[in-house]
Amino acid sequence: MKIDFPGLIEQKLPSGTVIYRVRPKGQHSKRIQISGEFGSDEFIRQYWIARRGEKPEQEKKASEQEAPKSIGWLVQSYFEYLEERVKAGTTSAKTVKKKRNLLNRLIVEPDRKMLIPREKLIEMQDKMGSTPAQADALMEAVSVMYDWAVERRYILENTAKGIKQIYRKGEGATPWKAADVKKFFAAHKYGSKPYIAMNVLLWTGCRIEDLTILGRKFECVIEGIEALRWTPLKRGSSEVSLPLFAPLKAATRSATVQGNTYVLGRGGNPYASGDAMSAMFKHWCRDAGLNELSAHGVRKGLAEVLAEMGCTQYEIMAILGHSEAKTSEIYTRRVERWKLAQGAMEKVTATGAWF
């Protein structure tokens, strides 16, 4: 049966396997078998070679092009494993991209031995001292890869395991205050992309990457109330169900151009990634004179407001999609401590203990 390409023939074997053969142009009796997933770049490459009457050689995988048992071979083999997991839906493409950016540092000299001595790894970490968070991320990525390699007996030990972190985590994103939100809206008027983005963040508490998917398709009715229901993109997040508050609904309908998502990029299309959306939101913050603030700070500010209003950590979990109570507890504990401290000092004052 012919499909899509001139001279391409699909054949189903008794085993159920499908193979493809190509009849070269002008050679009606000749057939050349090709491989690869139908429609893929490799499949199309082989098709055109076969169409010319030549037998195409299979393109080598990246790991097959590296010296056996070298660091290049190990890293490429690991990437190939991760890509298969992406296809199976058990690993996100974003995670693989981050790992690739980190582990590519190891294959500047791909022919080196695949097991890097511990002291050399620490030396690499030290050289990245100006970006400590990135240095620690590299050591973690190497450790995870080496665990994978140990399980398959490619190496005997994980030399990256237990290397101390050099990054000291700070307070993280600065929470937004009411005055900051007013300043943002003063710069970005009703109906604009930043106006809509801020409203979605304020009224849903979603993460920045969720702005790339949230739209009318997630709107529903729960017990007679208009609502939004979605599962955040962050791996391990719990489903979120929130009322579609009137200000949020009005904001999402304020744009002249409507599309599949509330916040649209160029050409009326959704933003390609959370990183792209984050970079644009940071640009909008700078335009409003709020250089030190970010999209994540909106979520953090909402969490603090909810805690100050007396919401329990489980209520905050439901709104923000936290899967673990300890995440929301960060905000409730701060408020509880303040109230406990106030109560305790009032008792001290009442007793006259200091005077």
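Here's what I pulled together on the structure shown here. Owing to the predicted nature of the structure, the values given are computational and were not obtained by experimental measurement.

### Focus on the sheet that holds strand 1 (residues 8–12)
Read across the open sheet, the 3 strands follow the order 1-2-3; overall the sheet is antiparallel. Two strands in the sheet have a free side with no partner beyond their single neighbour: strand 1 and strand 3 (32–34). Going from strand to strand, the sheet's axes swing by 35 degrees on average, the running direction of each strand aside. Each of strand 1, strand 2 (18–22) and strand 3 is contacted by helix 1 (residues 41–51), which is oriented at about 170 degrees to strand 3, the strand it contacts most.

### Examining the nonpolar core
Residues Trp176, Phe184, Leu211, Val263 and Phe281 are the most contacted members of the largest nonpolar core, which totals 33 residues. Looking at this core, the elements with two or more residues in it are helix 6 (178–187), helix 7 (193–204), strand 5 (225–230), strand 6 (240–243), helix 8 (246–252), helix 9 (274–287) and helix 10 (295–308). At 6 residues, helix 7 tops the list of elements feeding residues into this core. The residues touching Trp176, leaving out its near neighbours within four places in the chain, are Val181, Phe184, Met198, Phe281, Cys285, Leu290, Leu293, Ser294, Gly297, Val298 and Gly301. Membership of the second largest hydrophobic core comes to 28 residues, among which are Phe79, Leu82, Leu138 and Tyr146.

### Thoughts on the side chain of His188
Following the sequence through the fold, His188 ends up in the loop between helix 6 and helix 7. Within the local environment of His188, its side chain forms a polar contact with the backbone oxygen of Trp284, the two atoms lying 2.9 Å apart.

### Section: the pattern of salt bridges
For the structure on display, the rule yields 11 salt bridges. Ionic pairing is found between Glu84 and Lys87, a salt bridge with its closest N-O pair at 3.4 Å. Highlighted residues: Glu84 and Lys87, both in helix 2 (residues 71–88), separated by 3 residues, approximately one helical turn. Under the relative-accessibility criterion, Lys87 is labelled exposed at 63%. A salt bridge links Glu151 to Arg152; the nearest nitrogen and oxygen atoms lie 3.5 Å apart.

### Description of helix 5 (residues 132–151)
Taking 1.5 Å per residue, 20 residues should reach 28 Å; helix 5 reaches 29 Å between its end C-alpha atoms and fits that length. Ala135, Asp136, Leu138, Met139, Ala141, Val142, Ser143, Met145, Tyr146, Trp148 and Ala149 are the residues of helix 5 that are buried. Each element contacted by the buried residues of helix 5 is listed here: helix 2, helix 3 (93–103) and helix 4 (118–127).

### Details of the sheet that holds strand 4 (residues 219–222)
Strand order in the open sheet made by the 3 strands is 4-5-6, with antiparallel pairing throughout. Where the open sheet ends on each side, the last strands, each with one partner, are strand 4 and strand 6. On average, each strand axis in the sheet is tilted by 40 degrees relative to the strand beside it, whichever way the strands run. Sheet analysis places strand 4 next to strand 5, joined by 4 bridges and oriented antiparallel. Following the sheet pairing, Glu219 is matched in strand 5 by Leu228.

Calculation rules
Residues numbered from 1 in each chain as written. Predicted model: local features only at pLDDT ≥ 70, side-chain atom pairs only at ≥ 80, totals over all residues. Heavy atoms only, no water. Pairing = 2+ DSSP bridges. Helix = DSSP H or I, 4+ residues; strand = E, 2+ residues; numbered from the N terminus. Axes fitted to C-alpha atoms, helices over the stretch in contact; angles between N-to-C directions. Contact = heavy atoms within 4.5 Å. Core = buried A, V, L, I, M, F, W, Y, C linked by side-chain atoms within 4.5 Å. Buried < 20%, exposed > 50% of the residue type's maximum accessible area, 1.4 Å probe, protein only. Polar contact = N/O pair within 3.5 Å; in protein donor to acceptor, adjacent residues only side chain to side chain. Salt bridge = Lys/Arg side-chain N within 4 Å of Asp/Glu carboxyl O. Expected span 1.5 Å × (residues − 1).

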